[in-house]
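The residues making up each chain are set out below.
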Amino acid sequence: SLFFAYLSNLLSRIDLDELMKKDEPPLTFPKTLEEFEYTFNEQGQLRHTTTGEAFVFNAREDLHRWNQKRYEALGEIVTQYVYELLEKKCNMTKVILPVDVTEEEPRSFIYLSADAMSNPAKLLVLIQGDGVVRAGQWARRLIINQDLDSGTQIPFITRAKEEGYGVMVLNPNENHLEVERPAKPTPLLSPEASDEPAEKRERKDDRESKKKRDFYEKYRNPQKESETEQIPIRENGSPEEHLLYVWDHFVSNAAARNVFIVAHSYGGLSLVELMCQREAQVKDRVCAVAMTDSVHNIWHQDASKSIQEWLQQHCRNWVSSPEPLDTPVEPMLPDCPRLSAGTERHELTSWRSFNSIFQFFSKALQTGDEYEESSNTVTTRSSHRTKHEHNHDD
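Let me begin by describing the structure that accompanies this report. (Residues numbered from 1 in each chain as written. Predicted model: local features only at pLDDT ≥ 70, side-chain atom pairs only at ≥ 80, totals over all residues. Heavy atoms only, no water.)

## Thoughts on the sheet that holds strand 9 (residues 258–264)
Strand order across the open sheet formed by 9 strands is 3-4-6-5-9-10-11-13-12, with mixed pairing between neighbours. Strands with a single pairing partner mark the edges of an open sheet, and in this sheet they are strand 3 (93–97) and strand 12 (328–329). Sheet topology places strand 10 (residues 286–292) next to strand 11 (residues 315–319); 4 bridges connect them, and they run parallel. Note on strand 11: the bridge partner recorded for Met 291 is Asn 317. (Pairing = 2+ DSSP bridges. Helix = DSSP H or I, 4+ residues; strand = E, 2+ residues; numbered from the N terminus.)

Next comes the structure, spelled out in structure tokens:
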């Protein structure tokens, strides 16, 4: 029994996950789709170039970390691919942020259609959720596993242009530059430093776990992930900051009389935050807001009564639900009406409510125009327009 006690003690100390990494292949992956042997077919689906198979996440059984890293590497390539589509297929222009960026500092960017700032009638602003997605994407998982139409904002851009909107594509998750941290040289202990009480303070269990860790490091030929530090992008260090910055420097200077916004998930939270900061401006310029499975919360975000009332009138939130598309869903809080997006999958809500959103915008515009015609006074909106007509460099 002593032997069994010894054995179970030994086994309990062995971290299986750590041992699994022993035979892990190198964490280096291709840098292009071609090298990955994948391509997007006519239907915009990602397929293997030789087998025609869809993407397989578990390329190697039992190597979860390796599979995940491979998926992330492919995700980075997809991000670049979508940027390329925005530029070549959608004729969007990349604009660097901050607008007065210096040579040395980290930068972000957004994408504008040729008429984004000059279109006198309509402007569509697209705001994605948070996470790994970058400009032009709703969901990386959909792009890789389903298709470009469901996972990117390209259908929204194309349809908007056909319907006479200028378009702005935001990039709320590009918040900092990652730089590799130089390896710290280990300082040699000076004789007087060895008397430091800090030595004694290092707890026994800390020493034990360090010993254990060193043991593994020696035997499993580890691939250490390099340490990085993040340098924030000035005035764009968070999704909320980014939206405020783009509003102040672009949207508020655009000629369009009517601004329309599509905000997915965290984008809805950023939008409510923008309203708290720029309430009068948003009410003056924005005709309608379509949220998709937004995570905003008017109470946590301290949205005033007047903001809540405006959202009730001008905003709709298409939420994940088993109900058919456009079925009203009980509101949880007294803000914008909730409708079913016709899917229970969070990331699919934007694509599924695509047609409903554009119908909602057309209706809102009609209602707005009728209201303007019926009111005899010149509204603040039109005076805003004339004020800005002479302010453009482009």
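Text resumes after the structure shown.
## Some words on the pairing of strand 9
A regular strand carries its side chains on alternate faces of the sheet. For strand 9, the buried fraction is high: 7 of the 7 residues fall into the buried class. Alternating residues of strand 9 divide into Asn 258, Phe 260, Val 262 and His 264 and Val 259, Ile 261 and Ala 263, and every residue in both groups is buried. With 6 bridges joining them, strand 5 (residues 122–127) and strand 9 adopt parallel strand pairing. What sits directly across from Lys 122, in strand 9, is Asn 258. Taken together, the 6 bridges between strand 9 and strand 10 define a ladder with parallel strand orientation. (Buried < 20%, exposed > 50% of the residue type's maximum accessible area, 1.4 Å probe, protein only.)

## Brief notes about the packing of helix 7 (residues 154–162) against helix 15 (residues 354–374)
Between helix 7 and helix 15, whose axes approach to 11 Å, the crossing angle comes to 35°. Helix 7 and helix 15 meet at a crossing whose hand is right-handed. Residue-level inspection shows Pro 155, Phe 156, Arg 159 and Ala 160 of helix 7 in contact with helix 15, the latter providing Phe 354, Asn 355, Ile 357 and Phe 358. The class makeup of the residues in the contact of helix 7 with helix 15 is 6 nonpolar, 1 polar and 1 charged. (Axes fitted to C-alpha atoms, helices over the stretch in contact; angles between N-to-C directions. Left-handed = near helix turned anticlockwise from the far one by under 90°. Contact = heavy atoms within 4.5 Å. Nonpolar A, V, L, I, M, F, W, Y, C, P; charged D, E, K, R; others polar.)

## With respect to a nonpolar patch on the surface
Together, Phe 3, Phe 4, Tyr 6, Leu 7 and Leu 11 give the surface a local cluster of nonpolar side chains, amounting to about 570 Å² of exposed area. Its place among the elements puts Phe 3 in helix 1 (residues 2–13). Residue Phe 3 is classed as exposed on the basis of its relative accessible area, which comes to 52%. (Patch = residues over 30% accessible without salt bridge, like charges linked within 9 Å, V, L, I, M, F, W, Y side chains within 5 Å. Areas by Shrake-Rupley, 256 points an atom, 1.4 Å probe, with all protein chains shown as cover. Salt bridge = Lys/Arg side-chain N within 4 Å of Asp/Glu carboxyl O.)

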